[in-house]
Amino acid sequence: MTSKQPTERIRKSPEQVRAAVHQAVLDLLAAPDGAEPTIPAIAQRAGVNHTSIYRRWGSREALLADVVTTRLERSSPLVDTGSLRGDLTAWAQASVDSIRTSEGRVLIRAVALSMPSTADTQAERAEHFMRRMRSIESIRERAVARGEDPPSLEDILDQLIAPFYVRVIFGIDPPAAGYPELLVSRLLGAPTALDAGTTPGAA
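Predicted, not measured: the structure shown is a model, and the values here were computed from it. (Residues numbered from 1 in each chain as written. Predicted model: local features only at pLDDT ≥ 70, side-chain atom pairs only at ≥ 80, totals over all residues. Heavy atoms only, no water.)

1. Comments concerning the overall build of the protein
For the protein, the helix and strand inventory stands at 10 helices and 0 strands. The N-to-C order of helical and strand elements in the protein reads α-α-α-α-α-α-α-α-α-α. Within the protein, the proportion of its 203 residues that are buried is 41%. Pairs at least 24 apart in sequence give 71% of the contacts found in the protein among residues at least 6 apart. (Helix = DSSP H or I, 4+ residues; strand = E, 2+ residues; numbered from the N terminus. Buried < 20%, exposed > 50% of the residue type's maximum accessible area, 1.4 Å probe, protein only. Contact = heavy atoms within 4.5 Å.)

2. Structural notes on the environment of Leu-28
Within the fold, Leu-28 resides in helix α2 (residues 14-29). Leu-28 sits in the buried class, given a relative accessible area of 17%. For the pair Leu-28 and Ala-41, spaced 13 residues apart in the sequence, the C-alpha separation amounts to 8.3 Å. Beyond its immediate stretch of four places on either side in the chain, Leu-28 contacts Ala-35, Pro-37, Ala-41, Ile-42, Arg-45 and Arg-109.

3. Comments concerning the pattern of salt bridges
Pairs may arise between side chains of opposite charge once their charged atoms sit close together. This model, assessed by the stated rule, comprises 12 salt bridges. The partner of Arg-142 in a salt bridge is Asp-87, with the nearest N and O atoms 3.0 Å apart. Residue Arg-142 is located in helix α8 (residues 119-145), and its partner Asp-87 is located in helix α6 (residues 84-99); the two are separated by 55 residues in the primary sequence. For Asp-87, a relative accessible area of 1% translates into the label buried. One connected set of salt bridges, linked through shared partners, spans Asp-80, Asp-87, Arg-142, Arg-146 and Glu-148. (Salt bridge = Lys/Arg side-chain N within 4 Å of Asp/Glu carboxyl O.)

Okay, structure coming up:
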């Protein structure tokens, strides 16, 4: 009797494998026991060979970073509102909405677990997170094209993005209302009359 080939090689395309692995990561992170997802556990739940995960992602840290970035791209898209303030406020509001969901909290846990243990895993992880950074950089590029003067990417990371992650890590929910606007005002300064028509929610 000949042995069967692994199911993934017969039935699953590369994108189907990626989707199954991503879902397995989210399911394991959300499990009540709170155990850290290992590559063998992820592979078993996804129905793929663990060697396929190592071939595609190289490490668990890189896989977790890919899961986080992919989900953020779906749940917090970077929209063009017509102004820098509007774009950043829309992004911040989407982030608030996301981290109030159970999946959002799972993603924050994935960020923490993806912290690299070696230089190699740091490079693999950074490659995935840079996709998100390039998306955020596009907000700056649009602002420059409109004649605005955007803050540096580092300032956006420190003053707008980092506060969300710090709050979730320490279990502090964002204020019920006005938090995105508050962070953006700290970053850009108080809104002016020119901002009134382009900030999401403005009359």
